[in-house]
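Residues per chain, in single letters:
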Amino acid sequence: MNGKLGFGLMRLPSTDPQDAGKIDIKQTCEMVDMFLDRGFNYFDTAWMYCNFKSEDAVKDILTSRHPRDSFTLTTKLHSGFISSEEDRDKVFDTQRKKMGTDFVDYYWLHDVNTHSIETYDRLDCWSWIQEKKRAGNVRHIGFSFHDGPELLEKVLTDHPEMEYVQLQLNYLDWNSIGVRSRECYEVAAKHGKPVIVMEPVKGGTLAKLPEEAEKLMKDYAPDASFPSWAIRFAASQENVCMVLSGMSTPEQVDDNTSYMKDFAPLNTEELDIVEKVVEILNSKIAIPCTGCAYCAPGCPMNINIPRYFSLYNAEKQEAEDKGWTSQGEYYDNLTKTYGKASECIACGQCEGICPQHLPIIDNLKKVAETFEH
């Protein structure tokens with residue numbers, strides 16, 4: 001890997017706004033060439049990206065045009081597309097054929113969480129991926145992760161052979177009690193596993209900020225883009241070795257490579273500004289829950305009210321045109337341990353103890369409408 005910036009092949013330019021699979025190969029080639037010319041070489045794709053066409057595009061934009069040793073390529077095995085041990089090889093062999101390569105530099109078990117891990121364990125994908133490494137079909141192994149620090153601790157304890165962890169990490173999720181980015185990062189660091197970052201700009205959410213937040217950043221650095229603050233925040237974490245950015249225009253490639261070519265971590269003043277931006281964003285949240293958790297212990301349905309509210313607030317902060325968001329997945333993961341928001345029996349105990357006097361029962365209905373459809 002060269003530098004700390006990776007090219008995420010998830011949101012490539014399309015010739016049809018209604019079909020992400022109709023990738024604009026010509027424009028993507030220009031973006032890839034710019035990225036490589038500026039000294040970066042890490043590309044990340046997956047089976048289902050761009051309506052299942054991202055891996056096909058890899059052959060057109062990379063492997064047929066550039067020497068194989070001039071770039072680093074990563075892709076993933078997703079639990080949702082395998083149901084037998086034979087499926088593991090079927091997917092893997094198809095991926096290599098689609099991408100036009102005999103080997104993958106980094107191969108991940110995709111989106112390890114409290115649900116998917118059952119498939120990965122049942123099909124012994126942990127041993128399987130190690131065998132691919134021993135055979136030389138992949139150079140490095142790891143997993144991407146969307147869940148809490150407790151499960152991450154267990155996975156890394158049970159599978160110390162995993163070399164890397166890919167985490168959702170950005171300044172808005174850093175101290176979120178729903179996503180818990182910082183806590184997951186600290187678990188990975190404790191186990192000595194370098195972190196590769198996904199969602200540093202939260203799918204574009206941190207590219208469009210409230211006016212007062214924009215002013216703070218522009219007053220300090222008039223020429224710096226808002227995404228640059230987010231990407232640099234992620235890259236500033238000591239144990240982060242790579243930050244993925246899903247680039248979809250040449251302008252985004254130009255901007256990202258301009259400040260990451262000679263990367264400088266955020267200084268103390270910049271970190272203070274980021275903290276103030278987070279405060280501004282959180283002051284506009286839909287449900288003003290402080291996360292004190294007084295409401296949760298006595299809930300007869302074992303509903304994790306503060307964490308559900310945190311995820312709901314994060315969902316409402318997302319850019320409207322983003323499409324898929326991760327909050328629903330975190331919610332599904334939590335409902336394996338806790339009661340669903342829709343299971344609230346309106347006993348009122350939580351509202352009686354809430355220091356903020358929030359209408360918790362009504363807010364839980366909003367959570368259920370958002371995440372249980």
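Refer to the structure printed above.
Residues numbered from 1 in each chain as written. Predicted model: local features only at pLDDT ≥ 70, side-chain atom pairs only at ≥ 80, totals over all residues. Heavy atoms only, no water.

### So, the overall build of the protein
1) Next: Helix and strand content of the protein: 16 helices and 8 strands.
2) Next: Relative to the compact-globule value of 21 Å for 373 residues, the protein shows a C-alpha radius of gyration of 21 Å, a close match.
3) Next: Seen along its three principal axes, the alpha-carbon backbone of the protein occupies a region of about 65 × 55 × 40 Å.
4) Next: Within the protein, contacts between residues at least 6 apart in sequence are counted, and of these 76% link residues at least 24 apart.
5) Next: Carbon and sulfur atoms form 48% of the exposed surface of the protein, whose accessible area is close to 16,200 Å².
6) Next: One way to put it: in the protein the 40 positive side-chain charges average out to a point 3 Å from where the 59 negative ones average out. (Helix = DSSP H or I, 4+ residues; strand = E, 2+ residues; numbered from the N terminus. Rg over C-alpha atoms; globule rule 2.2 N^0.38 Å. Contact = heavy atoms within 4.5 Å. Areas by Shrake-Rupley, 256 points an atom, 1.4 Å probe, with all protein chains shown as cover. Lys, Arg positive; Asp, Glu negative; His and termini not counted. Charge placed at Lys NZ, Arg CZ, Asp CG, Glu CD.)

### A word on the pattern of salt bridges
1) Next: Overall, the coordinates contain 25 salt bridges when judged by the stated rule.
2) Next: R11 is the salt-bridge partner of E199, the closest N and O atoms lying 3.6 Å from each other. One end of the pair, E199, is in the loop between β7 (195-198) and α9 (211-220); the other, R11, is in the loop between β1 (5-8) and α1 (25-37), with 188 residues separating them in the sequence.
3) Next: Overall, the relative accessible area of 11% leaves E199 in the buried class.
4) Next: A salt bridge links K215 to D219, with the nearest nitrogen and oxygen atoms 2.7 Å apart. (Salt bridge = Lys/Arg side-chain N within 4 Å of Asp/Glu carboxyl O. Buried < 20%, exposed > 50% of the residue type's maximum accessible area, 1.4 Å probe, protein only.)

### Concerning the packing of α9 against helix α12 (residues 268-283)
A pair of packed helices can be characterised by two numbers: the angle between their axes and the separation between those axes.
1) Next: Their axes nearest at 9 Å, the elements α9 and α12 cross at an angle of 170°. By the criterion of interaxial angle, the relationship of α9 to α12 is roughly antiparallel. Contacts from E212, A213, L216, M217 and Y220 in α9 reach E269, E270, I273, K276, V277 and I280 in α12.
2) Next: Taken together, the residues of the contact of α9 with α12 break down into 7 nonpolar, no polar and 4 charged. (Axes fitted to C-alpha atoms, helices over the stretch in contact; angles between N-to-C directions. Parallel < 35°, antiparallel > 145°, perpendicular 65-115°, else oblique. Nonpolar A, V, L, I, M, F, W, Y, C, P; charged D, E, K, R; others polar.)

### Examining the nonpolar core
1) Next: If you look at the biggest cluster of nonpolar residues, it comprises 83 residues, and the most contacted ones within it are F7, F43, F143 and Y171.
2) Next: The element best represented in this core is helix α10 (residues 226-235), accounting for 7 residues.
3) Next: Residues contacting F7, with those up to four places away along its chain left out, are L12, M31, V32, F35, Y42, F43, D44, S245, M247 and V253.
4) Next: Of all hydrophobic cores here, the second largest spans 22 residues; its members include V179, C295, A341 and V367. (Core = buried A, V, L, I, M, F, W, Y, C linked by side-chain atoms within 4.5 Å.)

### Observations regarding the packing of α1 against helix α11 (residues 250-260)
1) Next: As a packed pair, α1 and α11 sit with axes 9 Å apart at the nearest point and diverge in direction by 10°. Comparing the axis directions of α1 and α11 gives the class roughly parallel. Along its contact with α1, which presents Q27, M31, M34 and F35, the element α11 presents P250, V253, D254 and T257.
2) Next: Here the residues of the contact of α1 with α11 are counted per class, giving 5 nonpolar, 2 polar and 1 charged.

### Side note on the sheet that holds strand β4 (residues 104-112)
1) Next: The strand order around the closed barrel formed by 8 strands is β1-β2-β3-β4-β5-β6-β7-β8, and the pairing between neighbours is parallel. When strand polarity is set aside, the average angle formed by the axes of neighbouring strands in this sheet is 30°.
2) Next: As paired elements, strand β5 (residues 138-145) and strand β6 (residues 164-168) share 4 bridges and run parallel to each other. Counted as the bridge partner of F145 is L167 from β6.
3) Next: Sitting on the sheet, helix α8 (residues 181-190) is in contact with β5, β6, β7 and β8 (240-245), with an inclination near 175° to β6. (Pairing = 2+ DSSP bridges.)

### Considerations on helix α7 (residues 149-158)
1) Next: Along α7, the residues classified as buried are P149, L151, L152, V155 and L156. One side of α7 carries all its buried residues, which in axial view fall inside an arc of 155°. (Arc of directions from axis to C-beta.)

### Focus: a negative patch on the surface
1) Next: Side chains of E269, D272, E275 and E279 sit close together on the surface and give a patch of like negative charge.
2) Next: Topologically, E269 is positioned in helix α12. (Patch = residues over 30% accessible without salt bridge, like charges linked within 9 Å, V, L, I, M, F, W, Y side chains within 5 Å.)

### Observations concerning the packing of aromatic side chains
1) Next: Tallied over the entire structure, the rule returns 22 aromatic pairs.
2) Next: For the ring pair W126 and F143, a centre distance of 6.2 Å and an interplane angle of 80° mean the geometry is edge-to-face. Taken together, the positions of W126 in helix α6 (residues 125-134) and F143 in strand β5 put the pair 17 residues apart, joining distant regions of the chain.
3) Next: Ring centres of F143 and F145 lie 6.3 Å apart, and the angle between their planes is 75°; on these two criteria the pair is classed as edge-to-face.
4) Next: Taking the relative accessible area as the measure of exposure, F143 reaches 0% and is therefore buried.
5) Next: Judged by its relative accessible area of 1%, F145 is buried. (Phe/Tyr/Trp six-rings, centres within 6.5 Å; stacked < 30°, edge-to-face > 60°.)

Read these as layout, nothing more, since geometry by itself doesn't imply function.
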